[in-house]
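# Overview (structure and organization)
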Amino acid sequence: MKKYALMPMLIIFAMIVVIMPACSSNNANVKSDNNSQSAANNSDVAGAGNTEALTDALPSDLNFNGAQINLFIQNDSWKQEEFVADTETGDVINDAVYRRNTAVEDRLNVKLNIILGPGWQSWDSMASQIRKSIMAGDQSYDLIAGWSARIPALALDDLFMNLYDLPYLDPSQTWWNQSMLTEMLLGGKLPFLCGDMTMSMISNCSVVYFNKSVQKDYSVPDLYQAVTDGKWTLDYMYSLTKDISKDLNGDGVMDDKDLYGIVLEPLNTADGFMQSSHIQMITDDSSGIPQLNIEQEKLSNLVDKVYSLYYENPGAYVMPDQSKFPDLLKNNQTLLMPGRLSDAIVLRDMESDYGIIPYPKYDETQDNYYSRIWDALSLMCVPMNCDKTEAVGAFMEAMGSESYKTVTPAYFNIALKDKYTRDDVSSQMLDIVRSGAYLNFASIYNESIGSPWFCMRNLMQAKSKDFASWYDKNESIIANKIDGIVSKING
């Protein structure tokens, strides 16, 4: 294989995804985390640039006579950028969102009405607001873009429709994340979807940035080649960074004024290693009911590896505020900076060149690179009392297909690939990141099942690698929470 010859392969893969039969609800009984590679079916054609290959199956004569679609979203910037665009401004993302919204409104003869709730900090009051509206049957909201960290708790109370029952909506289409069809089912019901309609799925993918000036100064091998060769692992990350550190100001204190191989924080950065290592925590029994099934040995080994990277690595700098990471990368003070794709925007004025690669594998035997999607993801759900199911189903499907053709290429191909990255190979790395987007039951329902997915962040915050004690303390809590979910499902 020629060096860096990834793009033709990715395009071929994307075409295969289109040709292959789509996943169906018959997969309901398979929620094993081992099946999460179905995430690779998510919007790869748009990512590869073949945006005309697919179209939705909506009837051409749909007309909803000006029906208003009331979409409830959080009043956060990352929520608003997905849906709010009042006019064209010249910004590539805003204009793509505006044109998509307008195209769907015109096509279906509907009117999108966006209702801004409070920000994520006021989630409790927001959840109460949503719950009261649905329980009262007041039809205030036809569609909800829920915060992925918390909206699942409302799904457990049966407040949302089974999206398989929504007219005109086809969850098996490419513009919907296919891992949702197996990982998010509750008793055979699908309460959520995400995909091209929700730009946060892309912007919140975990990645690793590297500074090319530091790479050159310390004779660091070709990181792109390490990725393509399948050698980009946690152990390799440690070996590259352990010998890179320098007291730049000579004050004898290693702090944010100095140089490191890698900067880390013990929360979101630590979480990313769970998905990138493809950890399994929940599987389904033969009836499609979730069961606790943590890969204890593998997770224990992973904790050891991550702890070593954080606290036994002379080239690592652990700091509590991840917002300062970009400054260190810009100032040539670190080789590696874990983050998410949206961080590329704040690196636009960086003078030194940088590259983007996926999070590392657990080891070289792992089949693919997997990307955590931060829990700022939007999950689309429809209130149980919705009285506009045909209009809402058609609206979601049209928004998904139109986003696939216009918004995703604008964000991914133009904004990220052409504007914010500095070389062609980084663009190819982004295709790998995107195709490995990993959503699983344990991470999405995390806070409703005793937070098992916070295992890594809890231990790294405590500067501990004692996985056995964590497991002994939390096993019964998690199992009881899952039993509670099962009781609700069985009703």
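Higher on the page you've got the structure.
Right, let's walk through the structure included here.

Conventions and cut-offs
Each chain has its residues counted from 1, running along the sequence as written. For a predicted model such as this one, the threshold for reporting local features is a pLDDT of at least 70, and the threshold for listing and counting side-chain atom pairs is 80 or more; totals across whole chains, interfaces and linings nevertheless cover every residue. With hydrogens and water set aside, each side-chain value is computed from the structure's full complement of heavy atoms. The way it works is that DSSP assigns letters per residue, a run of H or I at least four long becomes a helix, a run of E at least two long becomes a strand, and they are numbered from the N terminus. One fewer than the residue count of a helix, multiplied by 1.5 Å, yields its expected span. Three labels apply to residues, based on accessible area from a 1.4 Å probe with only protein chains included: buried if under 20% of the type maximum, exposed if over 50%, partly exposed otherwise in between. Polar contacts here mean pairs of N or O atoms no more than 3.5 Å apart (in protein, one a potential hydrogen donor and the other a potential acceptor; neighbouring residues in sequence count only if both atoms are side-chain atoms). Between two residues, a contact is recorded if the distance between any of their heavy atoms is within 4.5 Å. Here, axes are lines fitted to C-alpha atoms. For helices the fit covers the stretch in contact, and angles between N-to-C directions go from 0 to 180 degrees. We call two directions roughly parallel when the angle between them is under 35 degrees, roughly antiparallel when it is over 145, roughly perpendicular when it lies between 65 and 115, and oblique otherwise. Each crossing is labelled by how the near helix is turned from the far one, with a counterclockwise turn of less than a right angle marking it left-handed and a clockwise turn marking it right-handed. Note that Gly is not counted as nonpolar here; it falls among the polar residues with everything else outside the nonpolar set of Ala, Val, Leu, Ile, Met, Phe, Trp, Tyr, Cys and Pro and the charged set of Asp, Glu, Lys and Arg. Any Lys or Arg side-chain nitrogen located within 4 Å of an Asp or Glu carboxyl oxygen qualifies as a salt bridge.

Let us now look at helix α4 (residues 92–108). Under the 1.5 Å per step criterion, the end-to-end length of α4 is 24 Å for 17 residues, consistent within 8% with the ideal 24 Å. Among the residues of α4, those classed as buried are Ile93, Asn94, Asp95, Ala96, Val97, Arg100, Asn101, Val104, Glu105 and Leu108. Two or three places before Ile93, at the opening of α4, Asp91 has a side-chain oxygen 3.1 Å from that residue's backbone nitrogen. Of the residues trailing α4, Asn109 is marked for its positive phi of about 55 degrees.

Further remarks concern the side chain of Gln366. Relative to the assigned elements, Gln366 resides in the loop between β11 (354–357) and β12 (371–372). Non-local contacts of Gln366, meaning those with residues more than four positions away in its chain, are made with Ser276, Ser277, His278 and Lys361.

Moving on to the packing of helix α12 (residues 268–276) against helix α13 (residues 296–311). Contact pair α12 / α13: the axes reach a minimum separation of 11 Å and the direction vectors enclose 140 degrees. The angle between α12 and α13 falls in the class oblique. Between α12 and α13 lies a crossing whose hand is right-handed. From α12, Thr269, Ala270, Phe273 and Met274 reach across to α13, where they touch Leu299, Leu302, Val306, Leu309 and Tyr310. Here the residues of the contact of α12 with α13 are counted per class, giving eight nonpolar, one polar and no charged.

Moving on, we get to the pattern of salt bridges. One pass over the structure, following the stated rule, counts 14 salt bridges. Notably, a salt bridge pairs Lys330 with Asp349, separated by 2.9 Å at the nearest N-O pair. Here Lys330 is found in helix α14 (residues 325–330), whereas its partner Asp349 is found in the loop between β10 (334–340) and β11, with 19 residues between them in sequence. Each of Asp271, Arg372 and Arg457 takes part in a single network of salt bridges with overlapping partners.

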